[in-house]
Amino acid sequence: MADIIRLLPDHVANQIAAGEVVQRPSSVVKELLENAIDAGATEIQLIVKDGGKTLIQIVDNGKGMSGTDARLSFERHATSKIQKAEDLFNLHTKGFRGEALASIAAIAHVEMLTRTVEDEIGTRIKMEGSKVVAQEVVVAPKGTSMLVKNLFFNIPARRNFLKSDQVEFRHITDEFHRISLAHPQVAFNFYNNGSDVFQLPANNFRKRIVQIFGRKTDEKLVPVDEETQVVKISGYIQKPEFAKKSRGEQFFFANNRFIKSPYLHHAILGAFEGLIRPGTHPGYFLNLEVDPGTIDINIHPTKTEVKFDDEHTLYAMLKSTVKHSLGQFNVTPAIDFEQDQNLDTPYSYKNKEVGIPQVVVDSSFNPFEAVKTSKGNSTGNYSKPKVEGWENLYSDMEVSLDGNSNLEFESEVVNSSIFDEGKEVVDHTTTTFQLRKKYIITTIKSGMVVINQSRAHQRVLYEKFLKNITIKEAVSQQLLFPLTLSFSPSEIGILNEIKENLCTVGFVFGEVAVDGVEIKGVPVLVAESEVQMIMEQLISDFQQEVPGDSFSQSDMLAKTLAKTLSVKTGETLDEFSQVKLVNDLFACKETTLSPFNKKVYMTITENDIERKFI
C-alpha cells in the first residue's frame, strides 16, 4: 500500500490557519490594532474602505521594525512577544501566537512600511498570497504602516460569505470600541470611506467612554473601585434606570484585554437583581486586573475567551463590589423606611472637615413695616376672599342610606382600543370566548378554532406594516411636543440606515444629532410612551440579525413592530375586539403561521369532540 500522508505546502497551511484567525475584515482590524498597541504606539490611525473589503490601513508611531524583522514577521509562528512555553502564563502583550501577519498575508494583498527610531531609512515589503512580491529600502516615518487590500482575493468562497459593507463596518466599529476603551491613554483616529468616524485624543477612562457613546452617557455612570489580593476591579456601571434589552454596552477587560464571560455577566445581573426589569441588561465598563499567572488566554484564536484559576471567588467579589457601588452612591433604595435619606451625609463628603456655621443678620429688617401689595398700596391688613353660594355646593348630591348603592369597584382592564377602527363593519354573529387571557375560541361549521391571540395579532400587524412600507401610504399622528431620545453614535448609525423605512411606517423625524434623535410623529397604532421601547427593540434586532439588503430590512422592521405592539398574553379583550381580531386574521394572506413561523391556531372538529366521549 502506497504512503498517503504528506505534508501540506506552506501556502495551503497558511490559508487553513487564516480561516481561524481571519474570519472577516474586523478580525484583521483587531490583530493589526493589537500589534500597534504592543509596539508602544501613542497615536494610531485606522482607515477603512468599503467595509474593509477593499482597504484596511493602520498607521502607528510605535517602535517599528528593522528590515530583517519586517521580513521575518510574515513567517508562521514568528513573534517577539514570547520565547518559551512558560511565557504563556506571564503575558503582558496582546499577541503571542505569531500567526496574525502570516494568516493575513495568505489571503490578501499586504504592504508594510516600517522604520525604527535608530534607523535613518525604512523598509517596504509587498506580499500577495504569502509570496513576497517586493522588498525595498525607502524613506519612511518612525513607526509602522500596514496596508491590507482585496481581502480573500484568492478564496472567492470566503469572500462571498461576507455581508454588506454596512454590516462589516459595524463589526469593525465594535472591535474599534473594544480596543480604544481598553487603552484610553492612546489617541485613535478612525476614517471610513474618506470621512471621520471617531477622533479620540488620549484621555482617562471615563472621558473615553463619553467620547465613544455620547455626552449623555456621563450622567449614567456610577464608579466602581475595589482592590483585593485576588483581583483589582475598577471602572463604571450604568444606573439601573438605563438598562436596555440589547447587550450593546457590556464590556469586561482582563489585564487591558477585552474578554467575553457569560459567567461574570451573570454576577453583574445578580448585583442588579430587583433593580432592573426582567429581560433587560445593565451597561458596564469594568477592568479586572489579576496576576497573569492566574489567567489562561490561550483558549481560542480570537483570545476573547479566557479561563481564570478561581472563577467562583472572582464571581463573588465582582457581585459584592457592584452592589457596594450601587449602595454607596445611593442608587439602590433605602432599606430603613423610617430613615430620611435627605439627612444622610453624601458619600463624597465623608472626609470633609466640618466648619462652624455662619450666622447672617439683616439689620434693615423691620417686622412692623407695612406690607406692599401688588397694586402698590401699603397696608397691614389681610382680607379673606369671599366665596358666594358656598352653602349650595353639595345640594345636588343624594346620600344613600344603605351606603352601598353608589360604590364602584375597580374592575379588570379590558383592552379594546387597538381594535377601535372599523367597529361598524364587524360581524357579531360569530361566537367568541377568551380562554385564560391567552386563547380566543370561536365556532365554525365543522367545530371550533382555538387561536393564540398574541401570534394572531402579530400576523395582522406584520402584514399591515409590510404593506405600508411597500406602498408608502402610512398615516402618522403628530406629537404636540417632539420626543428627544438619546442613543450612542453606533446606534444612531443604525437608525440612519433604517430611517427611510421607518418614515414609510409612519414615524416623522426631526433633527438627527450624533448622540440623539428628535421624533415629531409616530404611527397611529403607536403610543407616545412606547416609542423609546420600540426604538431600543429595533436597534437590538438589527444589531443581532444584521440584515444586508433593503428587503430584509423592511421585513425585520415589520416583524419588530408587530412583536412590540401586538396584544400580549394576559391581556383581556372585550367581545368586539375578539371578533375583530378573528376577522382580521382570516383576511390575511397567511393565516396559519405567525411572522416568526409559529403556529397561530388549531382546529377541533365535531368528530374530535365526539371521540372524547367514547
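Conventions used here
- Residues numbered from 1 in each chain as written.
- Predicted model: local features only at pLDDT ≥ 70, side-chain atom pairs only at ≥ 80, totals over all residues.
- Heavy atoms only, no water.
- Helix = DSSP H or I, 4+ residues; strand = E, 2+ residues; numbered from the N terminus.
- Buried < 20%, exposed > 50% of the residue type's maximum accessible area, 1.4 Å probe, protein only.
- Contact = heavy atoms within 4.5 Å.
- Areas by Shrake-Rupley, 256 points an atom, 1.4 Å probe, with all protein chains shown as cover.
- Salt bridge = Lys/Arg side-chain N within 4 Å of Asp/Glu carboxyl O.
- Core = buried A, V, L, I, M, F, W, Y, C linked by side-chain atoms within 4.5 Å.
- Phe/Tyr/Trp six-rings, centres within 6.5 Å; stacked < 30°, edge-to-face > 60°.
- Axes fitted to C-alpha atoms, helices over the stretch in contact; angles between N-to-C directions.
- Parallel < 35°, antiparallel > 145°, perpendicular 65-115°, else oblique.
- Left-handed = near helix turned anticlockwise from the far one by under 90°.
- Nonpolar A, V, L, I, M, F, W, Y, C, P; charged D, E, K, R; others polar.
- Pairing = 2+ DSSP bridges.
- Expected span 1.5 Å × (residues − 1).
- Polar contact = N/O pair within 3.5 Å; in protein donor to acceptor, adjacent residues only side chain to side chain.

Some points on the overall build of the protein chain
And then number 1: Each helix and strand counted, the protein chain has 15 helices and 26 strands in total.
And then number 2: Buried positions account for 43% of the 614 residues belonging to the protein chain.
And then number 3: Sequence-distant contacts, at least 24 apart, represent 68% of the contacts inside the protein chain between residues at least 6 apart.
And then number 4: As displayed, the protein chain has an accessible area near 35,800 Å², and 52% of this comes from carbon and sulfur atoms.

Section: the pattern of salt bridges
And then number 1: As enumerated under the stated definition, the model contains 15 salt bridges in all.
And then number 2: The partner of Lys580 in a salt bridge is Asp584, with the nearest N and O atoms 2.7 Å apart. Of this pair, Lys580 and Asp584 are both found in helix H14 (residues 575-585), 4 residues apart, which corresponds to roughly one turn of the helix.
And then number 3: Here the residues in one salt-bridge network are Glu111, Arg124 and Glu136, joined through shared partners.

Looking at the nonpolar core
And then number 1: Within the largest apolar cluster, 51 residues are counted, with the highest numbers of intra-cluster contacts made by Ile44, Leu46, Phe74, Val148, Leu181 and Phe188.
And then number 2: If one sorts the elements of this core by residue count, helix H2 (residues 25-38) sits on top with 6 residues.

A look at the packing of aromatic side chains
And then number 1: Counted by the stated rule, this structure contains 16 aromatic pairs.
And then number 2: A centroid spacing of 6.1 Å and a plane angle of 35° characterise the contact between Phe205 and Tyr236, whose relative ring orientation is tilted. Of this pair, Phe205 sits in helix H7 (residues 205-213) while Tyr236 sits in strand E10 (residues 232-238), and the two are 31 residues apart along the sequence.
And then number 3: Put simply, the rings of Phe205, Phe213, Tyr236, Phe251, Phe253, Phe258 and Phe285 pair up and form one aromatic cluster.

A short note on the packing of helix H6 (residues 165-182) against H7
And then number 1: The contact between H6 and H7 brings their axes to 9 Å, and the two run at 160°. Relative to H7, the element H6 is oriented roughly antiparallel. The chirality of how H6 crosses H7 is right-handed. In contact with His177, Ser180 and Leu181 of H6, H7 contributes Phe205, Arg208, Ile209, Ile212 and Phe213.
And then number 2: Classifying every residue of the contact of H6 with H7 by side-chain character gives 5 nonpolar, 2 polar and 1 charged.

Concerning the environment of Ile56
And then number 1: Note that Ile56 resides in strand E2 (residues 55-60).
And then number 2: For the pair Ile56 and Lys149, spaced 93 residues apart in sequence, the C-alpha to C-alpha distance is 6.5 Å.
And then number 3: In this view, Ile56 contacts Pro25, Val28, Val29, Leu46, Ile47, Met146, Leu147 and Val148; residues no more than four positions away in its chain are not counted.

Re unusual backbone geometry
Trans peptide bonds make up the majority, and among non-glycine residues the majority have a negative phi.
And then number 1: Here Ser130, not a glycine, exhibits a phi torsion of approximately 70°, which is positive.
And then number 2: Backbone geometry places Arg436, a non-glycine residue, at a positive phi of 55°.
And then number 3: In this fold, Arg436 is placed in the loop between strand E19 (432-435) and strand E20 (439-444).
And then number 4: What makes Arg436 exposed here is its relative accessible area of 76%.

Points about the sheet that holds strand E21 (residues 447-452)
And then number 1: Read across the open sheet, the 4 strands follow the order E19-E20-E21-E26; overall the sheet is antiparallel. Two strands in the sheet have a free side with no partner beyond their single neighbour: E19 and strand E26 (601-605). On average, adjacent strands in this sheet sit at an angle of 25° to one another, irrespective of strand direction.
And then number 2: Judged from the 4 bridges that link them, E19 and E20 form a sheet pairing that is antiparallel. Note on E20: the bridge partner recorded for Thr432 is Thr442.
And then number 3: Along the sheet face, helix H10 (residues 453-471) touches E19, E20 and E21 and points at about 75° away from the line of E21.
And then number 4: Packed on one face of the sheet, H14 meets E19, E20, E21 and E26 and runs near 100° to E19.

A short note on the packing of H10 against H14
And then number 1: At a minimum axis separation of 9 Å, H10 and H14 run at an interaxial angle of 55°. Classed by the angle they form, the pair H10 and H14 counts as oblique. Relative to H14, the crossing made by H10 is left-handed. Each of Gln453, Ala456, His457, Arg459 and Val460 in H10 lies in contact with H14, whose residues at this interface are Leu581, Asp584 and Leu585.
And then number 2: Residue composition of the contact of H10 with H14, grouped by class: 4 nonpolar, 2 polar and 2 charged.

Notes on H2
And then number 1: Look at H2: 20 Å from first C-alpha to last across 14 residues, which is about the 20 Å you get at 1.5 Å a residue.
And then number 2: Most of H2 is tucked away: 13 of the 14 residues are buried.

A closer look at the side chain of Ser145
And then number 1: Its place among the elements puts Ser145 in strand E6 (residues 143-149).
And then number 2: Overall, Ser145 belongs to the buried group, its relative accessible area being 13%.
And then number 3: A polar contact is formed between the side chain of Ser145 and the side chain of Gln57, at a distance of 3.2 Å.
And then number 4: Setting aside anything within four residues of it in sequence, one finds Ser145 in contact with Gln57, Ile58, Val59, Glu111, Met112 and Leu113.

A few points about H6
And then number 1: Look at H6: 26 Å from first C-alpha to last across 18 residues, which is about the 26 Å you get at 1.5 Å a residue.
And then number 2: Where burial is concerned, most of H6 is hidden: 13 out of the 18 residues are buried.

A closer look at the sheet that holds strand E9 (residues 221-227)
And then number 1: Sheet architecture is open: 5 strands sit in the order E9-E10-E13-E11-E12, paired in mixed fashion. The open sheet is flanked by E9 and strand E12 (258-259), the only strands paired with a single partner.
And then number 2: In this sheet, E10 lies alongside E9 in antiparallel orientation, the contact comprising 7 bridges. Note that in E10 the partner of Glu227 across the bridge is Lys232.
And then number 3: Packed onto the sheet, H6 meets strand E11 (250-254), E12 and strand E13 (284-289) and runs at close to 50° relative to E11.

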